[in-house]
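# Results of the structural survey
Below, each chain spelled out in residue letters.
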Amino acid sequence: MPSATTKEQLQETVRSIIGAQPIVDMHTHLYAPSFGASGDGSGREPMLLRGIDELLAYHYFVDEVFRVLGRDGLTPDRFWSMPLSERADLVWKTLFVERPPTSEACVGLIDVLTSLGLEPRAATLEGYRGWFAARSIDSHVDEVMRIANVQRIVMTNEPFSDVERPLWLEHAASLGDPRFATVLRVDPLVEEWGRASSMLRQWGYDATASESMQSADQVRRFLDDWIARIQPEYLACSLSPGFRYERTTEGEPHAAVTFDHAIIPAVREHGLPVALMIGAKRAVHPAMQLAGDGLGRADVDQLIALARRYPDVTFLVTMLSRENQHELCVAARKFANIVPFGCWWYLNTASQIQELTTLRLELLGTSFVPQHSDARVLEQLIYKWKSSRKIIGECLADRYVQAIDAGAVISEADIRGDVARLLETNYTGLVSRAIS
Ligand code: HDL
Ligand code: ZN
């Protein structure tokens, strides 16, 4: 067993190396300021959310404020009838003034405030509002990325969004920002074909409501058009727990037609990975809006069927159910084109990041992407990455202690190589073709 000092020295070395490693954050809901930002005075609906009101309006806090007030008269209708500032005031009072922060999101917000040099226990939000309002957007983005040590923010770009689509159709040339990368997110094509086919027809793609091969050709044309328009690093699709790719007794699932005859041919031609985000049960409580999504355990055999059929396509995969994680790791051991990524959403908590990262290191070595922030509000990058770096570093150091105990010799260069793989090149190596 390495001596205590060796173990402490090793942990400190990992902490220092992982802290210095610039992050490529491969999945966020952040946008370049050119898309329109909170408080930019444009009057447009902001895409880049920032500042104290948006931080407190985060849908994680919606769930949590209803945990406290939901049985004492607060209803979704009443909550959503409030303006943003009133919702933020209610969250602050309920979750931060009347009780200490304990949840992941609450502790994270405190970390954001203190990391920005702000006193974390003000009675009201006025002081914070003034501070954020005084920050110029572009330099604030730079400052937050510097504090979080994030070198590139990968967006989630949605052609089926009525807010985002017009920006691309009318202002594509002005949207580019070297700090941000694009992703083509196409959930409706696979899981909401009725809505998707109707929108496709409005846009001039001859897609019929029935899930026919002819529609697949039109979906392929749609994908080619948007890949050319936004130059994505990968194509992404979130899938419900009931996602089926394999043929059933009722015939071939729609998802199979769309994957086999549109999505896979498109990503093959453009050299893109596909990110599958599996297990979100949308709108289990619709009145909660974005806070209304739940989760369910998915069938990993459906993913395996895709990976087995398309060994030349890389599937970046994150699953939302904790119960799917071990199966996903074993599937990734069988199929090198399955690359697990991130501790997604309800798994992005200290205990789950620790459990998932240890499981993945034990079964996959360093051949996965341990984390993405999923940040929706700019300043969340600070707490999400500070927490994840700490835990991923601790898990990695524990593996090194086991290896040294077995007789391995591990150098600083070895550690730097592993950390760069985990936090940068395992992802950038997959998308380099897309961004060359
Ligand atoms: O579908 C997704 O990309 C999820 O991350 C959802 O956006 C979810 O609402 C979320 O923000 N999770 O962190
Ligand atoms: Zn997300």
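Residues numbered from 1 in each chain as written. Chains lettered and ligands numbered in written order. Predicted model: local features only at pLDDT ≥ 70, side-chain atom pairs only at ≥ 80, totals over all residues. Heavy atoms only, no water.

### What about the packing of aromatic side chains?
To keep things clear, this is the line we draw: Ring pairs are drawn from Phe, Tyr and Trp, using the six-membered ring of Trp, whenever the two centres fall within 6.5 Å, and their geometry is named by plane angle: stacked under 30 degrees, edge-to-face over 60, tilted for the rest. Secondary structure elements are defined from DSSP: runs of H or I of at least 4 residues count as helices, runs of E of at least 2 residues count as strands, and each element is numbered from the N terminus. Burial status follows relative accessibility: with a 1.4 Å probe on protein chains alone, a residue under 20% of its type maximum counts as buried, one over 50% as exposed, and anything between as partly exposed. Both a distance and an angle decide whether a charge sits over a ring: NZ of Lys or CZ of Arg must be within 6 Å of the ring centre and within 35 degrees of the ring normal.
Scanning the entire structure with this criterion turns up 19 aromatic pairs. Measuring from centroid to centroid gives 4.8 Å for tryptophan 92 and phenylalanine 96, while their planes differ by 15°, and the two rings are stacked. Taken together, the positions of tryptophan 92 and phenylalanine 96, both in helix H5 (residues 84–97) and four residues apart, correspond to about one turn of that helix. Accessibility assignment for this pair places tryptophan 92 and phenylalanine 96 in one class, buried. Each member of the aromatic cluster is reached from another via a ring pair, and the members are Tyr58, Tyr60, Phe61, Trp92, Phe96 and Tyr128. Cation over ring: arginine 229 sits above tryptophan 226, and NZ or CZ is 4.5 Å from the ring centre.

### Some details on the coordination of the zinc ion (ligand 2)
Ideal donor angles around a metal are set by the shape: a four-donor tetrahedron calls for 109.5 degrees, a six-donor octahedron for 90 or 180 degrees. Selection criterion: Only N, O and S atoms count as donors, using a 2.8 Å cut-off from the metal and 3.2 Å for Na, K and Ca, and because water is excluded some sites may appear unfinished.
Within the protein, His27 (NE2), His29 (NE2) and Asp374 (OD) serve as the donor atoms for the zinc ion (ligand 2), at 2.0 to 2.2 Å. In terms of primary sequence, the donors binding the zinc ion (ligand 2) are separated according to H-x1-H-x344-D. Linking histidine 29 in the loop between strand S1 (23–25) and helix H2 (52–56) with aspartate 374 in the loop between helix H16 (350–364) and helix H17 (380–405), this pair joins segments that are 345 residues apart in sequence. By the burial criterion, histidine 29 is buried, and aspartate 374 matches it.

### A short note on the pairing of strand S2 (residues 150–154)
How we decide: DSSP calls a pair of strands paired once it identifies at least 2 bridges connecting them.
Counting buried positions along S2 yields four of five residues, so the element is predominantly enclosed. Bridge count for S1 against S2 is three bridges, and the pairing is parallel. Opposite aspartate 25, over in S2, you have isoleucine 153 as the bridge partner. With two bridges joining them, S2 and strand S3 (residues 180–181) adopt parallel strand pairing. Across the sheet, residue valine 154 finds its bridge partner in S3, namely alanine 181.

### Some remarks on the layout of surface pockets
Keep this limit in mind: Lining residues are defined by having an atom within 4 Å of a point belonging to a cavity or pocket. Those points lie on a 1 Å grid over the protein atoms alone, cavities being sets where a 1.4 Å probe fits but cannot get out and pockets being open sets with protein on both sides within 12 Å along at least five of seven lines. Grid points are joined across faces, edges and corners, and a volume is the space filled by probe spheres set on the points. Note on residue categories: nonpolar means Ala, Val, Leu, Ile, Met, Phe, Trp, Tyr, Cys or Pro, charged means Asp, Glu, Lys or Arg, and polar means any other residue, Gly included.
Roughly 1400 Å³ of volume is contained in the largest pocket. Those elements that place two or more of their residues in the lining of the largest pocket are helix H3 (59–69), H5, helix H10 (187–191) and strand S5 (235–239). Of the residues contributing to the lining of the largest pocket, the split by class is 19 nonpolar, eight polar and 13 charged.

### Here's the deal with the packing of H3 against H5
This is how the line gets drawn: To obtain an axis, a line is fitted to C-alpha atoms, over the contacting stretch when the element is a helix, and the angle between two such axes runs from 0 to 180 degrees between their N-to-C directions. Roughly parallel refers to an angle under 35 degrees, roughly antiparallel to one over 145, roughly perpendicular to one between 65 and 115, and oblique to any angle outside these ranges. Note on convention: the crossing is left-handed when the near helix lies turned anticlockwise from the far helix by less than a right angle, right-handed when the turn is clockwise. By definition in these notes, contact holds between two residues if any of their heavy atoms fall within 4.5 Å.
H5 packs onto H3 with a crossing angle of 65° between their chain directions and a minimal axis gap of 10 Å. It follows from the interaxial angle that H3 and H5 lie roughly perpendicular. Remark: the crossing between H3 and H5 carries left-handed chirality. Where H3 abuts H5, its residues Phe61, Glu64, Val65, Val68 and Leu69 lie against Leu90, Val91, Thr94, Leu95 and Phe96.

### What to know about the sheet that holds strand S6 (residues 274–278)
An order of S4-S5-S6-S9-S10 is seen for the five strands of this open sheet, with the pairing classed as parallel. Across the chains shown, the open sheet's two edge strands, defined by having one partner strand only, are strand S4 (184–185) and strand S10 (338–340). Note that S4 and S5 share two bridges and pair parallel. From the neighbouring strand, arginine 185 faces S5, where its bridge partner is alanine 236.

### Considerations on the packing of helix H15 (residues 325–334) against H16
In contact at an axis separation of 10 Å, H15 and H16 are set at 25° when each is read in the N-to-C sense. With respect to each other, H15 and H16 are oriented roughly parallel. Seen along the crossing, H15 lies across H16 with a hand that is right-handed. Residues Gln325, His326, Cys329, Ala332 and Arg333 of H15 pack against Leu356, Leu359, Arg360, Leu363 and Leu364 of H16. When grouped by side-chain class, the residues that make up the contact of H15 with H16 number six nonpolar, two polar and two charged.

### With respect to the environment of leucine 276
Here leucine 276 is to be found in strand S6. Taking the C-alpha atoms as reference, leucine 276 lies 8.2 Å from methionine 319; in sequence the two are 43 residues apart. Among all residues touching leucine 276, those that are not within four sequence positions of it are Cys237, Leu239, Phe259, Leu303, Leu306, Phe315, Leu316, Val317, Thr318 and Phe341.

### Quick look at the state of the cysteines
We apply this condition: A pair of sulfur atoms, both from cysteines and within 2.5 Å, is called a disulfide here.
Within the structure shown, the criterion is met by zero disulfides. Free cysteine cysteine 395: the closest other cysteine sulfur is in cysteine 343, separated by 8.9 Å.

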